[in-house]
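Next come the chains, spelled out residue by residue.
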Number of protein chains: 2
Amino acid sequence: MALIDTASTMIFTDYSSSSSSSTARLLLFNTAKLRNFPKTISTFRRSNSLQFGISSRTSPRTIITHCSSSSTSAMQVNNETFAKVIDGKRVAQDIREEIGVEISRMKEEIGIVPGLAVILVGDRKDSATYVRNKKKACDTVGINSYEARLAEDSTEEEVLNHISKFNDDPSVHGILVQLPLPSHMNEQNILNAVCIEKDVDGFHPLNIGRLAMRGREPLFVPCTPKGCIELLHRYDIPIKGKRAVVIGRSNIVGMPAALLLQREDATVSIVHSRTKNPEEITRQADIIISAVGQPNMVRGSWVKPGAVLIDVGINPVEDPASPRGYRLVGDICYDEARKVASAITPVPGGVGPMTIAMLLSNTLLSAKRIHNFR
Amino acid sequence: MALIDTASTMIFTDYSSSSSSSTARLLLFNTAKLRNFPKTISTFRRSNSLQFGISSRTSPRTIITHCSSSSTSAMQVNNETFAKVIDGKRVAQDIREEIGVEISRMKEEIGIVPGLAVILVGDRKDSATYVRNKKKACDTVGINSYEARLAEDSTEEEVLNHISKFNDDPSVHGILVQLPLPSHMNEQNILNAVCIEKDVDGFHPLNIGRLAMRGREPLFVPCTPKGCIELLHRYDIPIKGKRAVVIGRSNIVGMPAALLLQREDATVSIVHSRTKNPEEITRQADIIISAVGQPNMVRGSWVKPGAVLIDVGINPVEDPASPRGYRLVGDICYDEARKVASAITPVPGGVGPMTIAMLLSNTLLSAKRIHNFR
């Protein structure tokens, strides 16, 4: 974990591995990846279908460390004007300040302080760091944080007991179980034990069902996709009636992002590892949200001039010039895409910082709802 | 209801109004529509966005009684060869027979007969007809059917008591509440009271959430979209890697159909009333499922040569030549589209008969699951 230094990246990375589904796996930057980090850098292979998903787990990863702009030469590119940079770090900071104000008002008016409980099982250093960062973020806005640390060899029952205690604790308004859990535990059983009113991750199937259905309201919107949409809103980017393409269909980002865009009346297409000629579809999009974990996969030629690009990927690529020997890039080839798009999120500093801001937002929302405070 | 004579149409129509959401409304053929049936036939208005959805409720409906093939002239059309007709009536019959065999085997081996309970509140003639038809369908395959009839002025509590009784009754494996309910009742409260293990409609948000999530399995797949996919399977139409467009995003057909196609690895786009230039998107589709309730909306020019077309719409159009003064057409302009597509469902006789077959299938599935019978 010493390899990663920005809090936002750690927090985001953390979230990307917090899937409540054991099969959904968003291929974002995490320590497991770093361990398998390839020593050789190969060139970007163009293929007829996306190679993310299963294939990237079974074959050595293909890394593109930088993307030339030559592939965009045939496009309507104006090298003089670049896309507006969507500054997630600044927006996240604004949101944290707004949350802080609301929490003060809540405390003053009804004497309630929102509380977030995190359950950490085992001694993984990365997990400990993530939990520490969540605690820090809570501190800055005035949310009480609670923690239960259990030994690696705890039983599932012990974890369930802690969840049950937090479920019943009126000072706790949000509960997170830090993933991954030790392999002897059933993740789905444990996550399902968190009562839906405190499931600030928003990954409960009942919540996802409400998100999918017209006329129903989810209790919580999952943090990363909520952050993506919030960025669009804060930059006054219209969604209604627009063509939107989501790349990736994970339970934690791609799928809920698509449902959210549809709720806002976009016409949504989901591109995934089985999609043939994905670039044909992305080129039609007014808005692209990419969440696959393939460095620089979305080239400038994949982007319609004037499109808005939200890049959820955080991928390490080797970089001898960096003190750490690597740097982080998104799924979208930034240097190429910013010459074509009208707005783009950078990596890092785009979606990453929004995830934790949305976790704080969900915790506040939960406390307000439980105490019927407006 | 005397206006409609085929059982399949009635059953299908019935389902289209059985949304568990009060706001979602699939604009399919129902008696309310017939009452508002316009006396004048206007020509098909082309517009930049689909006019289904809200607009069709607030403005007089635009009816196209027949669609000329002139609009397909620019397309690669072979007038000699027509699309294969996907015979839903025959497939539904096959499925009923298969269900009958399974039910006999179950009865023989473990002495259990699947049971479907229907709750009917009030004196609507159409509802009574639908319930009668469900009962008939159950009889033909050997499913026991149970019925609770309550007076129009019953209380919500009385309905809830009946649901509770059926929830606890081990001889009942599926429960349907006939919609619409009298206006003094809260539909969502009542539908949510059906225990999820017996919710053979599959509209519970928890079920929809599981349908949306990778690695999760829904208990029941909603009947009409399940019927659409079953038709594709029975005709050996590949879905994986194909471009699929779903027209309409209702909770009961469009949205779950899109989720099902995605589970089968199609690349899915959802077109709806806010979509601009829908025909540009549908023209890219290998598979189109249309569920909007706009007669003949999907013209030949909207269809890619060789595409497969599944038409969920059942729409009445005036027809002086018919003894009843009207006939039923789908959302897809059949005469035009069959010259372009490789396969197409007719209306009636396509998706319609599949809905009731899938209801029987879900009831059998429920009984098998409850009694752990394979």
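Residues numbered from 1 in each chain as written. Chains lettered and ligands numbered in written order. Predicted model: local features only at pLDDT ≥ 70, side-chain atom pairs only at ≥ 80, totals over all residues. Heavy atoms only, no water.

With that out of the way, let us pick up the packing of aromatic side chains. Residues and elements named next belong to chain A. Applying the stated rule across the entire model yields 0 aromatic pairs over all chains. Stacked on the ring of Phe82, the Lys or Arg Arg338 has its end atom at 4.0 Å from the ring centre. The ring of Phe220 has Arg369 sitting right over it, with the charged end atom 4.8 Å from the ring centre. (Phe/Tyr/Trp six-rings, centres within 6.5 Å; stacked < 30°, edge-to-face > 60°. Lys NZ or Arg CZ within 6 Å of the ring centre and 35° of its normal.)

The next thing to look at is the interface of chain A and chain B. In this assembly, 37 residues from chain A lie in contact with 37 residues from chain B. Broken down residue by residue, the surface that chain A buries against chain B is led by A:Arg214, A:Arg216 and A:Arg249, which jointly contribute 19%. Here chain A is connected to chain B by 4 salt bridges. Note that B:Asp265 is salt-bridged to A:Arg249, the shortest N-O span being 2.7 Å. Between the two partners, chain A and chain B, sit 14 residue pairs in polar contact (both at pLDDT 80 or more). Where the side of chain A that touches chain B is concerned, the elements lending two or more residues are helix H7 (187–193), helix H8 (205–212), helix H10 (254–263) and strand S6 (267–271) of chain A. Here the side of chain A that touches chain B takes 6 residues from H8(A), the largest share from any one element. Of the residues belonging to the side of chain A that touches chain B, the class tally is 11 nonpolar, 16 polar and 10 charged. (Contact = heavy atoms within 4.5 Å. Buried area = accessible area lost by both parts, 1.4 Å probe. Salt bridge = Lys/Arg side-chain N within 4 Å of Asp/Glu carboxyl O. Polar contact = N/O pair within 3.5 Å; in protein donor to acceptor, adjacent residues only side chain to side chain. Helix = DSSP H or I, 4+ residues; strand = E, 2+ residues; numbered from the N terminus. Nonpolar A, V, L, I, M, F, W, Y, C, P; charged D, E, K, R; others polar.)

What follows concerns the confidence of the model for chain A. Residues and elements named next belong to chain A. Residues at a pLDDT of 70 or more form 79% of chain A, whose mean pLDDT is 84. Below a pLDDT of 50 lies the segment residues 51–62, which in the model reaches 26 contacts outside its immediate sequence neighbourhood of four places, other chains included. Note on residues 69–78: pLDDT is under 50 here. Beyond four places in sequence and across chains, it has 19 contacts. (pLDDT = per-residue confidence, 0-100.)

In the superposition of chain A on chain B (RMSD 0.0 Å, axial shift 0.0 Å), the rotation amounts to 180°. This pairing of chains is accounted for by a two-fold axis. Comparing contact sets, 100% of the residues at the interface of chain A also lie at the interface in chain B, consistent with an isologous, same-surface contact. (Least-squares fit on C-alpha atoms with pLDDT ≥ 70 in both.)

This brings us to the pattern of salt bridges. Residue and element names in this part refer to chain A. The final tally for this structure, using the stated rule, is 30 salt bridges over all chains. The shortest N-O distance in the salt bridge between Glu217 and Arg263 comes to 3.2 Å. Of the two residues, Glu217 sits in the loop between H8 and helix H9 (223–234) while Arg263 sits in helix H10, which places them 46 residues apart along the sequence. Classification of Glu217 as exposed rests on a relative accessible area of 57%. With relative accessibility at 31%, the residue Arg263 sits in the partly exposed group. Between Arg234 and Glu230 there is a salt bridge, with the nearest N and O atoms lying 2.7 Å from each other. Here Arg234 pairs with Glu230, and both are found in helix H9, just 4 residues apart, close to one helical turn. Owing to a relative accessible area of 33%, Arg234 belongs among the partly exposed residues under this scheme. Each of Glu102, Arg105, Glu109 and Lys368 takes part in a single network of salt bridges with overlapping partners. (Buried < 20%, exposed > 50% of the residue type's maximum accessible area, 1.4 Å probe, protein only.)

What follows is about the sheet that holds strand S4 (residues 174–177) of chain A. Residues and elements named next belong to chain A. The strand order across the open sheet formed by 3 strands is S3-S2-S4, and the pairing between neighbours is parallel. Sheet topology places strand S3 (144–150) and S4 at the edges, where each strand pairs with a single neighbour. On average, each strand axis in the sheet is inclined to that of its neighbour by 15°, with strand direction left out of account. With 4 bridges connecting them, strand S2 (residues 115–121) and S4 associate as parallel partners. Note that in S4 the partner of Ala117 across the bridge is Ile175. Docked against the sheet, helix H6 (residues 156–168) engages S2, S3 and S4, running at close to 165° with respect to S3. (Pairing = 2+ DSSP bridges. Axes fitted to C-alpha atoms, helices over the stretch in contact; angles between N-to-C directions.)

Here the focus is the environment of A:Lys226. Residue and element names in this part refer to chain A. Of note, Lys226 is situated in helix H9. Spatially, the C-alpha atom of Lys226 lies 9.9 Å from that of Val351, the residues being 125 residues apart in sequence. Ignoring anything within four residues of it in the chain, the contact list for Lys226 reads Val221, Leu260, Met358, Ser361 and Asn362.

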